[in-house]
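Here's the letter readout for the chains.
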Amino acid sequence: MSELSELYQQVILDHNKKPRNYRQLENANRVAEGHNPLCGDQLTVYLEMDGGVVKEISFVGSGCAISKASASMMTQSLKGKTREEAQVLFDEFHRMVTGELDAETTENHLGRLTIFSGVRDYPARVKCASLSWHTMHAALEGEERATTENLGPELHGEAAG
Ligand code: ZN
């Protein structure tokens, strides 16, 4: 477990320092803004959908290291994925950070994203880690805004804690 947390810290620091796909996307056809008022994280996710495929994805914003690293890794994971695959990853990531999916024992498609599994023990951090995913999801659904507040039953794993 300590090995995982060491890896976790290294990856978070690296992505926070050098966020991948950190830019505005000129050809974006989906854009959404996300806000996590609890921590002050704010970001914009850009998607260029080509048919049903994520051709390009990027983000800009400001926030804590976890929110930034999560957004950075999300863009890496989703580029080239179909809309359906993106939906699956969104669901799996969300269930992992809220403690509903144990990435070690349950088959999943998360790959390196499983380093975020530890945030399930820190409710305030769940929102930081999932903000970019909610924002991406909103963009995919054609909405322009996402917030970690007022998501109702979606975050019940956290409320129950
Ligand atoms: Zn945060």
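Here's a quick rundown of the structure.

What counts and what doesn't
For every chain, the first residue of the written sequence is number 1, and numbering continues from 1 onward in sequence order. In keeping with the predicted nature of the model, local features appear solely for residues at pLDDT of at least 70, side-chain atom pairs appear and are counted solely at 80 or more, and the whole-chain, interface and lining totals rest on all residues. Calculated side-chain values reflect all of the structure's heavy atoms, with hydrogen atoms and water omitted. The way it works is that DSSP assigns letters per residue, a run of H or I at least four long becomes a helix, a run of E at least two long becomes a strand, and they are numbered from the N terminus. The contact definition used throughout considers only heavy atoms, calling two residues in contact when any of these lie within 4.5 Å. The aromatic pairing rule takes the rings of Phe, Tyr and Trp, using the six-membered ring of Trp, and pairs them if the centres are within 6.5 Å, calling planes under 30 degrees apart stacked, those over 60 edge-to-face and the rest tilted. For every residue, the accessible area (1.4 Å probe, protein chains only) is compared with the maximum for its type, and the residue is labelled buried under 20%, exposed over 50%, or partly exposed between those bounds.

Our next topic: the environment of Ala 71. Within the secondary structure layout, Ala 71 lies in helix 2 (residues 65-78). Separated by twelve residues in the primary sequence, Ala 71 and Phe 59 have C-alpha atoms spaced 7.2 Å apart. With residues up to four places along the chain from it excluded, the contact list for Ala 71 reads Leu 43, Phe 59 and Ser 132.

The full count for this structure, using the stated rule, is four aromatic pairs. Note on Tyr 8 and Phe 116: the rings are 6.3 Å apart at their centroids and 90° apart in plane angle, and the pair reads as edge-to-face. Of this pair, Tyr 8 sits in helix 1 (residues 2-17) while Phe 116 is found in the loop between helix 3 (83-97) and helix 4 (123-140), placing the two residues 108 residues apart along the sequence. Residue Tyr 8 shares its accessibility class with Phe 116, and that shared class is buried. Measuring from centroid to centroid gives 4.9 Å for Phe 93 and Trp 133, while their planes differ by 15°, and the two rings are stacked. Of this pair, Phe 93 sits in helix 3 while Trp 133 is found in helix 4, placing the two residues 40 residues apart along the sequence. Both residues of the pair, Phe 93 and Trp 133, belong to the buried class.

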